[in-house]
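# Overview (structure and organization)
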Amino acid sequence: MRGLLFPALAFPLVASAPAAAQRAEHELRPPRIVDASAPELPEESDTDVEPTILVHVVVEPDGTISSAHVETPHDVVLDQAATEAVQAWRFEPATDNGRPIRAAVRVSVHFQARIPHFDLADEHTGFAPGDESLNHEHLEVDGSDIVVFSDRAEADGGQTTSRSTATHELDRAALELAPHRDTNDLLNTAPGVFAARVQGDAIASRIALRGFDAEHGQDLALSVGGVPVNEPSHLHAQGYANLAFVPAEVVGRLRLREGVSDVRQGDFATAGSIELDLSVARRGLHLEAEYGSFHTARALGVWAPRGEDERTFGAVFFRRSDGYGVGRDSLGGGAIGQAAWGSDALRFRVLGALFATRAGTGAVLPRQDALEGRVAWDGVLPVAAAQGQTAMALRGLIAGFVTSSDPDGSEGELGIWAGMTGFRYLANYTGYLEIARSNPDWRGRGDRIEQIDEALSAGLRAHYRAPRFEAFGWLRGFVEAGLDARVDLREQDQNLLTATSNQTWDARVDARIQAVDVGGYVEGDVHLGEHVRLRGGVRGNVLVDSIDDRLGNLLPRFRRESYIVGYRRTATGLAFGPRLALEWSPIESLTLSASYGEGYRSPQARLLQEGEPAPYTKVWSGDAGARVRLGRALDATLSGFATVLSRDIAFDPGEGRLEPLGPSSRLGVAVTARVQPWEFIEGMLSMTYVRATLDAPPLPTIEEPNPPFVSGQLLPYVAPFTLRADVAAHHTLVTLGDQPLEGRLGLGVSVLSARPLPYGEFAAPVGLLDIMGSLRWGPLELGVEVFNLTDSRWAAAEFAFASDWQDPTYLNQPGGATSRVPARHFSAGAPLTAMVQLGVQL
Amino acid sequence: MSSVRAIAALGLVVLQLACTEAQRQRVSLPVVVHGTPAEPVTSGETTLLVEEASIVFGPLYLCAAPNPDLDSCQVALGQLLVPGRYDALDPAATPAGALAGVSGTALSAMWDYGRSWRLADSEPRPSAASLEGGASVRLVLRVTTEFGLRRVQIALPIDGGAQPSGTLAVRARIPTLRLSPEATRLEITFDPNDWARSLDVTSLATLPDGPEVTVPADHPLARSLTQALTLNALPSFTLHTAEP
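One numbering rule holds for all chains: residues counted from 1, following each sequence as written. Chain A is the first chain written and ligand 1 is the first ligand written, with later ones labelled in order. In view of the model being predicted, local features appear only for residues whose pLDDT reaches at least 70, and side-chain atom pairs are presented and counted only at 80 or more, with totals across whole chains, interfaces and linings using the full set of residues. Values reported for side chains reflect all heavy atoms of the structure, with hydrogen atoms and water molecules removed beforehand.

### Remarks on the sheet that holds strand S15 (residues 206-209) of chain A
Residue and element names in this part refer to chain A. Pairs of strands are assigned from DSSP output, requiring at least two bridges between the strands. Secondary structure elements are taken from DSSP: a helix is a run of H or I of four residues or more, a strand is a run of E of two residues or more, and numbering for both begins at the N terminus. Within the open sheet, the three strands sit side by side as S14-S15-S16. Their pairing is antiparallel. Looking at the sheet topology across the chains shown, the edges are occupied by strand S14 (193-196) and strand S16 (212-213). Bridging between S15 and S16 involves two bridges; their strand directions are antiparallel. When the bridges of S16 are listed, Leu209 appears paired with Phe212.

### Overview of the nonpolar core
The set of buried Ala, Val, Leu, Ile, Met, Phe, Trp, Tyr and Cys residues whose side-chain atoms join them within 4.5 Å is what this entry labels a nonpolar core. For each residue, the accessible area found with a 1.4 Å probe, counting protein chains only, is set against the maximum for its type, and the residue is called buried under 20%, exposed over 50%, and partly exposed in between. Counting 153 residues, the largest nonpolar core has Ile274 of chain A together with Phe57, Leu60, Tyr113, Leu186 and Trp195 of chain B as its most contacted members. A contact between two residues is defined here by any heavy atoms of the two lying within 4.5 Å. Apart from the residues lying within four places of it in its own chain, the contact partners of Trp195 of chain B are Ala53, Ile55, Ala88, Val137, Leu139, Phe190, Leu225, Ala228, Leu229 and Ala233 of chain B.

### Let's talk about the state of the cysteines
Residue and element names in this part refer to chain B. Cysteine sulfur atoms that pair up within 2.5 Å are treated as a disulfide. Following the criterion strictly, the structure yields one disulfide over all chains and no others. One disulfide in the model links Cys63 with Cys73; its S-S distance is 2.0 Å. Disulfide Cys63-Cys73: the torsion about the S-S bond is -90°, which places it as left-handed. A residue pair is termed long-range when its members are at least 10 positions apart, and Cys63 in strand S4 (residues 60-63) and Cys73 in the loop between S4 and strand S5 (78-80) qualify at 10 residues. Judged by its relative accessible area of 0%, Cys73 falls in the buried class.

### Describing unusual backbone geometry
A cis amide bond links Gly58 of chain B with the next residue in sequence, Pro59 of chain B, at an omega value of 0°. Residue His295 of chain A is not a glycine yet carries a positive backbone phi of 55°. Tracing the chain through its elements places His295 of chain A in the loop between strand S21 (284-292) and strand S22 (296-304). Phi is positive for Asn788 of chain A, which is not a glycine, with a value near 55°. Mapping Asn788 of chain A onto the fold places it in the loop between strand S45 (780-787) and strand S46 (795-801). For Asn788 of chain A, a relative accessible area of 2% puts it in the buried group.

### What about the pairing of strand S33 (residues 532-549) of chain A?
Note on strand geometry: in a regular strand, side chains alternate between the two faces of the sheet. All names here are of chain A. Strand direction decides the pairing type here: strand S32 (residues 504-528) and S33, joined by 18 bridges, are antiparallel. Residue Val518 lies in a different strand from S33, and its bridge partner there is Val542. The turn joining S32 and S33, which pair antiparallel and follow one another in sequence, is formed by three residues; a positive phi near 70° is taken by Gly529. One ladder, built from 18 bridges, connects S33 with strand S34 (residues 567-587); its direction is antiparallel. Within S34, the position partnered with Asp548 by the bridge is Arg568.

Just geometry here; none of it tells us what the structure is for.
Spelled out as structure tokens, the structure:
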């Protein structure tokens, strides 16, 4: 032992302009150190100076420390020694009018040779921009400042974070518990979410969440850095949302709101919403190379300039793979960057991203053919029409946000964004069943669907939160008003292509859509006494669609031409609904909550008629439950929920897109738990059981004018039961040279029960186990990730539909006759996949 | 690894059992074909008696749409894919395979007589069950007229060949059939006497003389038989359901 570590006293974080008046209104007292032992200076540290390390500490109301991290990492040994030292300290929690509250402070850990020393910091320093991720609000107390958690976050539009059972925030540590292929896969970490890559790298994941088959985003509002990702009226799937343009390494926080209870939740938030905040904790230059199964190679570079806000970074990434099975090769890459700067009073953030990828989508196979060995599980039918199924995705995005805060609690934000997306998809689900509508004599050329969707979009969001008010000594809170708006200009085509020559032999969609969606809200957020919090407000949205349906009023061949094909139309609609959430914390560790909200999902514009009031899908959503939070040791929720939709939609493989289904409802229960029994191990578990039913007969079709219906009929594609578990452990294994060797193990388990399919079929249940291990020594990191460790043969998606692959070399029907009865089809999930990563942090 | 797999498999089986609940259901039921004994059919001075009636039947599709065609019956409620050859004069029940499908109400049907023109094919193709020469039907009639007795034989291919590819030979409304797991069997009954009633008897006079005559496929008599089997004298369908 070469010396002793001597902690210096915490010095509170400095606000930009503390208001003396607040001292009178709020008797806020900062956390106070009551016991700071003097840990040893690591022997391996060869420093000959007396360094001071600044450590950010979050002190819970019970005095425990829930987070400690070095402000500016510099020396691995000293940094680790400092955080370990601080975590051993004991604090008296901050108080608000005598009530213990959660608060963050910055403490200086001063290394002094062999002489233990406590020192009150006598300087106030500016609050480091990177610390804004702590969701702080600055209040001056007794001449010093503390950071009191008021659950504010600039990135989500000033939204308050609830302690209700329907809200889950996952920080970077939670997101890194288990391995994740990419950001789409990262969604699996969110409680109740099951996301699976079905059609390769260029197509968004299929997402399931508490009774919703959210498809590619139709029922889940997704945003990245405050920018909405869902695409209204997308040809492939309403609310289509592909997160592939974001490397998982730059996602700093995931915020899941289940159900509809917050006025900020807009379009597509029917099952809930997920917001991803972008930040990079490890500052400096990080280079990473990855190689593994199926000749998959990935390169990543992240530059996070030291001394800058955590949200300031730039990243480039590239990925190529032969893909598993047949027809799943991919090549793509992108760049994303964000810069944040400013003072607490005025903060700025800009975000930009470019992304492109092209990938084979594999194939959707008749399950019976795969089971009987006529085609490999992850293969492609040996038929010309089944070859070359691919997808391409493009995205460009730029956004800017400015946020102002005043010490009186008022806050305003204005953000604008603009983006372009490109999408092309070639797929054949049904083989040879289609007949050209433009010329019914053209038939039998293969059902290869080509979908093209290109969009230019722009939007803004703004909100203003009035100064905090207090009345009667027991009532305090905020009032906030906000708006968000977007305009989309979308071109879309759907055609049938001949199998090998790619000649267009039928046109199904040729349309241009202009859409404007403007929403606004007002919300009150009040605390009634010390234990009750009530949030409530209303939200309204106006939608205007203009559709140039160039194939509308298609002229049947048997009719004499008496008009010109095409149908232009406009439609407007209004969605309006209240949101209400009540939280009651009888004791600090327990919160009982209930919420109710009415949300909406915009319609696929092309399905609207002239002058039709845009038939939003109306959502009625309610939650009730309890949350127990015991510091970092346990954060658990138990909740029940109910959701009713006025009109649901489901995937139609024949057209390769979503089609109307009818009203539906969900009733379920969810359990989540995040535990950290010891510092070196952490885990998360979530289980959801839901009964999702169709409430009225499905809409009649030409094929089925009287669709069968029984009360309690299960919704297709919805798994009643989902389970997700993430566990990770880390420890310093040994010290090599002057650097500790840190080891880390993690695993993720996903379970999805059998899912009902159309026509009375059921998809097989899914169980997946992913593991990871890594070693970190100084700037070097070596990791191994194994996905689907048990090499389970599983279906990433299953459907039930009729297909017929008429080919002399592949006659899967007895007697060679065309099969028209629906059968189970599937898209193979990835088999065992191992990846080795080598990273260096400079 | 194997134990991990076994545990995972067991868990998934439990999940499968715990969470499944059917609404629309799979249906599979036997199909039997009945013929009808011959009886004299009189038309003016001419009496016809069917001496032999062989028919190839299938594939069969039961459709929910009231007016079946390839667009409205792209997805069928039930199908009998394998064509079979039957004696249409034999009243006994002849097994014809299994009708596979899903529960629902069938209002129409499409079928072929052993020759199918699939969408991607360049022409109709006979099935393995087809009669000699790829025929769909073979009918031998004993024709009695004022001029005496003669035997007339007709063997015909019947398919959707006059229509674009993919078209089935017959697309017809049928009495409502409610397919359900309780359905025990589907009976298809042919009545060659009906076929005989639909024949263009006046065209017999244009046939060559002789006690045994084979009718050419383009003869009006043959055309009237095709019309009988595709429009006027269709088989009947009866669905039997178990008593509750």
